[in-house]
Amino acid sequence: MFSRLQSTLSRVALIKQIAVGLVIGILIAVFAPGAIPAVSILGDLFVKALKGVAPVLVFFLVMNAMAQRKENAEGSMKPVVMLYIIGTFCASLVGVTMSFLFPTTLTLQVAPDTQLAPPSGIIQVLHNLILSVVDNPVAALMNANYIGILAWAIIFGIALKSMGSGTTKTCLNDIAAAITKVVTWVIHFAPLGIMGLVAESVGTAGLGALIGYVQLLGVLIGSYFIVALVMNPAIVFARLHVNPYPLVLTTLRESGVYAFFTRSSAANIPVNLTLCRRLGLNPDLFTISIPLGATINMAGASITISVLALAAANTLGINVDLPTALLLCLVATVGACGASGVAGGSLLLIPVACASFGIGNDISMQVVGVGFIISVLEDACETALNSSSDVLFTATAEFAERRKEGTFHKEDMVPHDAAE
């Protein structure tokens, strides 16, 4: 009976199973709220399993990629990193523009949380980011410090490439394949996990706390959608000169949906690696670019920082001119790239941006408090944009190279069903 059920499920696309789980989760939250505590365990288990396996997966995949790396792979990361930076900066421009078109003010009555410790400036953000590179490798794995994991995996991989025997490299390749297999098992529990996450979110958080911040949420979510459906496709079109939406919609559907409900770029790394594999991308590239993107490709974070900083300026009656707005875009871009290295993520980078307007820490921390109130929706949308664009820009960089070589086909922009 179990094998028959497994065979039936294998014939149904995973995204369709997730859609069913989503609907069931909503129905449970509305009609059987008493079952939410039990069902939410499934969501917690799913997210924790993804977070647990992701650091080990990244470490061994990157180390294996570097150990098996071919010499002609040098420099292939540069186009991806450039797309990450361009995408993050353009997203901050969208956030600033939306804030000017729809100026938002806040009711700053949230008491500052003295336990929060935002960085004192961009220098500290960069300082934290650089120090995380040389973190103890065991501590990096335990604390999911992906900058440290990447750095040590690359170092060990380079060492194994020159010192490891053929048997060692084969063993490392087998370990990487085995961990990848474990990840596919975890991902196939996504429908149950999403069901639990949705039931908990709808049943316990609700939308009541968000009513007072409808306009702010509208500006933020509108900016996320403009970046996802207009700006990012424009960047892809500029590189590939073909209709970008098959690839854009694929990444949003198969990466963004997971990230929206898990609200964790780290937990979404295995999902993104699987999608890259289904798109037929080069493992030497995506095994490094995806975890790197989860750390520095933060378009959604740059929008959050810039919009909330301008909302604070509008509330205090501060006139923001064009040069100051451009400076804010730069600050938001640099801050967003270092957001994952700061406890609290993008919200705790808001005081850094507010400082460029001369806004004191007491006021800016109240803005951070507002950010936490709306994070039920804001953080989910931000993570979906961040994580889906990791795959989008990784694929775009590789497809652009294939286009130059004359080996790119439009069909490449759709994942292979065989890997479903």
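The coordinates are above.
All of these numbers come straight from a predicted model, not from anything done at the bench.

Chemist: What's the story with the packing of helix 4 (residues 77–101) against helix 15 (residues 322–337) in this structure? I'm lost.
Modeler: Axis angle and axis distance: for two packed helices, these are the angle between their axes and the distance between the axes, and together they describe the pair. Close contact between helix 4 and helix 15 brings their axes to 9 Å; oriented N to C, the two are set at 135 degrees. The angle between the axes of helix 4 and helix 15 places the two elements in the oblique class. The interaxial crossing formed by helix 4 with helix 15 has right-handed handedness. Together, Ile85, Thr88, Phe89, Ser92, Leu93, Val96 and Phe100 of helix 4 and Ala325, Leu326, Leu328, Cys329, Leu330, Ala332, Thr333 and Ala336 of helix 15 make up the contact between the two elements. Taken together, the residues that form the contact of helix 4 with helix 15 break down as 12 nonpolar, three polar and no charged.

Chemist: I would appreciate a short explanation of helix 15 in the present structure.
Modeler: Structurally, the α-helix is built with 3.6 residues per turn, so residues lying three or four positions apart point the same way. Compared with an ideal rise of 1.5 Å per residue, which puts 16 residues at 22 Å, helix 15 spans 23 Å between its outermost C-alpha atoms and is within 8% of the ideal. Looking at helix 15, one finds that the buried residues are Ala325, Leu328, Cys329, Val331, Ala332, Thr333, Gly335, Ala336 and Cys337.

Chemist: So what exactly am I meant to see when it comes to the pattern of salt bridges here?
Modeler: Side chains carrying opposite charge are able to pair once their charged atoms draw close together. Tallied over the entire structure, the rule returns five salt bridges. Across the pair Glu254 and Arg253 runs a salt bridge whose closest N-O atoms are separated by 3.3 Å. The exposure class of Glu254 is buried, given its relative accessible area of 13%. For Arg278, the salt bridge identified is with Glu254, shortest N-O distance 2.3 Å.

Chemist: What's the story with the packing of aromatic side chains in this structure? I'm lost.
Modeler: Note on aromatic pairs: each is described by the distance of the centres and the angle between the planes. Summed over all chains, the structure comprises five aromatic pairs. Of the aromatic side chains, those joined through ring pairs into one cluster are Phe59, Phe60, Trp152 and Phe156.

Chemist: Explain the environment of Gly34 here, please?
Modeler: For Gly34, the position within the fold is in the loop between helix 2 (14–31) and helix 3 (36–67). Taking the relative accessible area as the measure of exposure, Gly34 reaches 72% and is therefore exposed. Taking the C-alpha atoms as reference points, Gly34 and Gly203, separated by 169 residues in sequence, lie 9.5 Å from one another.

Calculation criteria
Residues numbered from 1 in each chain as written. Predicted model: local features only at pLDDT ≥ 70, side-chain atom pairs only at ≥ 80, totals over all residues. Heavy atoms only, no water. Axes fitted to C-alpha atoms, helices over the stretch in contact; angles between N-to-C directions. Helix = DSSP H or I, 4+ residues; strand = E, 2+ residues; numbered from the N terminus. Parallel < 35°, antiparallel > 145°, perpendicular 65-115°, else oblique. Left-handed = near helix turned anticlockwise from the far one by under 90°. Contact = heavy atoms within 4.5 Å. Nonpolar A, V, L, I, M, F, W, Y, C, P; charged D, E, K, R; others polar. Expected span 1.5 Å × (residues − 1). Buried < 20%, exposed > 50% of the residue type's maximum accessible area, 1.4 Å probe, protein only. Salt bridge = Lys/Arg side-chain N within 4 Å of Asp/Glu carboxyl O. Phe/Tyr/Trp six-rings, centres within 6.5 Å; stacked < 30°, edge-to-face > 60°.

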